[in-house]
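Structural overview
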Amino acid sequence: ADNGVQATFFVLGWVAERYPSLVRRIASGGHEIASHGYGHKLITSQTPVAFREDIRKAKGILENILSGPVLGYRAPSFSITKDTMWATQILVEEGYGYDSSIFPVLHDRYGVPSANPEVHQLLTTSGLLWEVPPSTVKYMGVRLPVAGGGYFRLYPYVVLRAFLKKLERQGSSLVMYMHPWEFDPDQPRMEGSLLSRLRHYLNLGKTECRMRALLQDFSFAPI
């Protein structure tokens, strides 16, 4: 609001069900409401039937609150991978117009390294679906993730800004993301592996100031 920027908020159906007034408040600020599924279950742990039920339930809850259509979807932990590409067909069948889940990087938990890094249309057996990949940049022959989240906290901002400026010069759209918990450095600490704790808690205290800089250095709009 300080920068007059509207964004896309991928909201869990589970959260919307319990805090419908929050969803209405987000929408009243001119932001787009999109679906993050219902219960934050990875697609890789679901059957096609369970996935359909999950995204249908989430879409229904959000649309009932908004009295309007919800067109976008982002999978928990970007879990549309080569093994779960069947999910794109179901998204089309359930009335979604775009997806923003296919991360064109090599990662231990998600990613499709060979995927198109630009906004494009996917042809599924049930029709077309727009794909809006999180931002990546080619550097020294390697495609690096620069879209936000842990990457936003890991890279020094001056380095991240240089990568994003490179994408901007190429005419690429910047698709960035943040989680609400990344703005709360005082959140409770949970147990887990060293890698998981590093990914989750590294530089939480820097998220807000970097976000403010990002919104001043670049122009953004809802998907």
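Quick notes on the rules
Residues numbered from 1 in each chain as written. Predicted model: local features only at pLDDT ≥ 70, side-chain atom pairs only at ≥ 80, totals over all residues. Heavy atoms only, no water. Buried < 20%, exposed > 50% of the residue type's maximum accessible area, 1.4 Å probe, protein only. Helix = DSSP H or I, 4+ residues; strand = E, 2+ residues; numbered from the N terminus. Contact = heavy atoms within 4.5 Å. Phe/Tyr/Trp six-rings, centres within 6.5 Å; stacked < 30°, edge-to-face > 60°. Lys NZ or Arg CZ within 6 Å of the ring centre and 35° of its normal. 1 Å grid on protein atoms, 1.4 Å probe; cavity = no way out; pocket = protein on both sides within 12 Å on 5 of 7 lines; lining within 4 Å. Points joined across faces, edges and corners; volume = space filled by probe spheres on them. Nonpolar A, V, L, I, M, F, W, Y, C, P; charged D, E, K, R; others polar. Axes fitted to C-alpha atoms, helices over the stretch in contact; angles between N-to-C directions. Parallel < 35°, antiparallel > 145°, perpendicular 65-115°, else oblique. Left-handed = near helix turned anticlockwise from the far one by under 90°. Patch = residues over 30% accessible without salt bridge, like charges linked within 9 Å, V, L, I, M, F, W, Y side chains within 5 Å. Areas by Shrake-Rupley, 256 points an atom, 1.4 Å probe, with all protein chains shown as cover. Salt bridge = Lys/Arg side-chain N within 4 Å of Asp/Glu carboxyl O.

Some details on helix H4 (residues 86–93)
Turning to H4, its buried residues number three or more, namely Ala87, Thr88, Ile90, Leu91 and Val92. In this structure, the buried side of H4 is in contact with helix H3 (48–66), strand S3 (72–73), strand S4 (98–99), strand S5 (120–124) and strand S6 (127–131). Just downstream of H4 lies Gly95, where phi reads positive at about 90 degrees.

Regarding the packing of aromatic side chains
Per the stated rule, a full pass over the model turns up eight aromatic pairs. What links up through ring pairs into an aromatic cluster is the set Phe51, Tyr73, Trp86 and Tyr96. Its guanidinium or amino end placed over the ring of Tyr38, Lys57 lies 4.0 Å from that ring's centre, counting from NZ or CZ. Sitting above the plane of the Tyr96 ring, Lys59 keeps its charged end 5.4 Å from the centroid.

Observations regarding the layout of surface pockets
When its volume is computed, the second largest pocket comes out at roughly 160 Å³. Looking at the second largest pocket, the residues that line it are Pro104, Val105, Leu106, His107, Pro113, Val142, Arg143, Leu144, Pro145 and Tyr151. Ranked by residues supplied to the lining of the second largest pocket, first place goes to strand S8 (residues 142–145) with four residues. Grouping the amino acids of the lining of the second largest pocket by side-chain chemistry returns eight nonpolar, one polar and one charged.

A short note on the packing of helix H2 (residues 20–28) against H3
Two packed helices can be described by the angle between their axes and the distance between those axes. Interhelical geometry of H2 versus H3 gives an angle of 65 degrees and a closest axis separation of 10 Å. As far as their axial angle goes, H3 and H2 are roughly perpendicular. Viewed along their axes, H2 and H3 form a crossing whose handedness is right-handed. Where H2 approaches H3, its residues Pro20, Val23, Arg24 and Ala27 are matched on the opposing element by Leu62, Ile65 and Leu66. Of the residues assigned to the contact of H2 with H3, the class counts are six nonpolar, no polar and one charged.

Concerning a nonpolar patch on the surface
A cluster of nonpolar residues, Leu154, Leu194, Leu198 and Leu202, forms a patch on the protein surface that exposes about 360 Å² of accessible area. Mapped onto the fold, Leu154 is located in helix H5 (residues 149–154).

Points about the environment of Lys138
Along the chain, Lys138 falls in strand S7 (residues 136–139). Placed 39 residues apart in sequence, Lys138 and Asp99 show a C-alpha to C-alpha distance of 22 Å. With sequence-adjacent residues up to four places away left out, Lys138 is seen in contact with Arg143 and Lys166.

Considerations on the pattern of salt bridges
One pass over the structure, following the stated rule, counts 10 salt bridges. Two residues, Glu93 and Arg52, come together in a salt bridge whose shortest N-O distance is 2.6 Å. Here Glu93, found in helix H4, pairs with Arg52, found in helix H3; they are 41 residues apart in sequence, far enough to count as distant. A salt bridge links Arg56 to Glu94; the shortest N-O distance between them is 2.8 Å. On the criterion of sequence distance, the pair formed by Arg56 in helix H3 and Glu94 in the loop between H4 and S4 is long-range, its members being 38 residues apart. Taking relative accessible area as the criterion, Arg56 reaches 49% and is therefore assigned partly exposed. On the basis of relative accessible area, Glu94 is assigned to the buried category, the value being 13%.

Taken by themselves, the reported measurements are silent on function.
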